[in-house]
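Architecture and fold: a report
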Amino acid sequence: PFRKAAEQLRVQIEAGLTLSEAMRNLKLFSSFECNLTTNGENSGTLPEVFKKLAEWFELTQKLRSRFISGLIYPAFLYTFAILVFSLVEFLSSDASINAIILQALSRLLLPIIIYLIGKLILRTVLKSAASLLAINNIPIFGSLLHKLESARFFAAFAINISAGIDMQKSIE
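The present account deals with the structure reproduced in this document. (Residues numbered from 1 in each chain as written. Predicted model: local features only at pLDDT ≥ 70, side-chain atom pairs only at ≥ 80, totals over all residues. Heavy atoms only, no water.)

Okay, the side chain of T37 next. Following the sequence through the fold, T37 ends up in helix α3 (residues 31-43). Of the residues examined, T37 reaches a relative accessible area of 0% and is grouped as buried. Not counting residues within four places of it along the chain, the set of residues in contact with T37 comprises L19, S20, M23, L46, V49 and F50. (Helix = DSSP H or I, 4+ residues; strand = E, 2+ residues; numbered from the N terminus. Buried < 20%, exposed > 50% of the residue type's maximum accessible area, 1.4 Å probe, protein only. Contact = heavy atoms within 4.5 Å.)

Spelled out as structure tokens, the structure:
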């Protein structure tokens, strides 16, 4: 998608738009990225801004990959346990192989279904301030969520400040 986006950016810049205006027109870039680019253009620090944005994306990618890596082993154990349980059930019962396969598949799909339902519920619930306040008061989850959000805020704030953006605009 970025090859096509780069071509569209080039065309728009040749037509007289600034880089940040062209980025906003594409709807591929977040407002955070567009605002930083605008401020980099205005302050003459665009290379530094892009360097900080690259660091930001590397950090978020590292965090995301660590999170996913942490989930792989438990998922493997869960799948292995279901397969072993199904094998033991097949060897020790008179149930048909089709019934055992169906049970194993339902057990494998159950976490995915619960995840999708939970995600749907969270999307609707998290839109209200009261639900956010309730989640923040959950002992372990609330403090973890607060730390993650604080880390994101301060990392983004540091990027803005190091890019030469004044404090008030950085907070906006």
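It is worth spelling out helix α1 (residues 2-14) at this point. Helix length check: α1 (13 residues) gives 18 Å between terminal C-alpha atoms against 18 Å at 1.5 Å per residue, within 8%. Within α1, the full set of buried residues consists of A5, L9 and Q12. Down the axis, α1 shows its buried residues gathered within 70° of arc, on one side only. Opposite the buried face of α1, at more than 90 degrees from it, the exposed residues are R3, K4 and E14. Residues of α1 that are buried make contact with α2 (19-26). One or two positions beyond α1, positive phi appears at G16, with a value near 110°. (Expected span 1.5 Å × (residues − 1). Arc of directions from axis to C-beta.)

With that settled, consider the pattern of salt bridges. Under the criterion given, the structure shown has 4 salt bridges. In this structure, R10 engages E7 in a salt bridge whose closest nitrogen and oxygen atoms are separated by 2.3 Å. Here R10 pairs with E7, and both are found in helix α1, just 3 residues apart, close to one helical turn. Using a relative accessible area of 39% as the deciding quantity, one classes R10 as partly exposed. (Salt bridge = Lys/Arg side-chain N within 4 Å of Asp/Glu carboxyl O.)

What follows is about the packing of aromatic side chains. One pair of aromatic rings is described through two measures. These are the centre distance and the angle between the planes. According to the stated counting rule, one finds 2 aromatic pairs in the structure shown. On the basis of an interplanar angle of 50° and a centroid distance of 5.5 Å, the ring pair of F32 and W56 is categorised as tilted. Linking F32 in helix α3 with W56 in helix α4 (residues 46-92), this pair joins segments that are 24 residues apart in sequence. According to the relative accessible area criterion, W56 is buried, its value standing at 10%. Aromatic pair F76 and F80: ring centres 6.2 Å apart, planes at 20°, arrangement stacked. With F76 and F80 both in helix α4 and 4 residues apart, this pair spans about one turn of that helix. (Phe/Tyr/Trp six-rings, centres within 6.5 Å; stacked < 30°, edge-to-face > 60°.)

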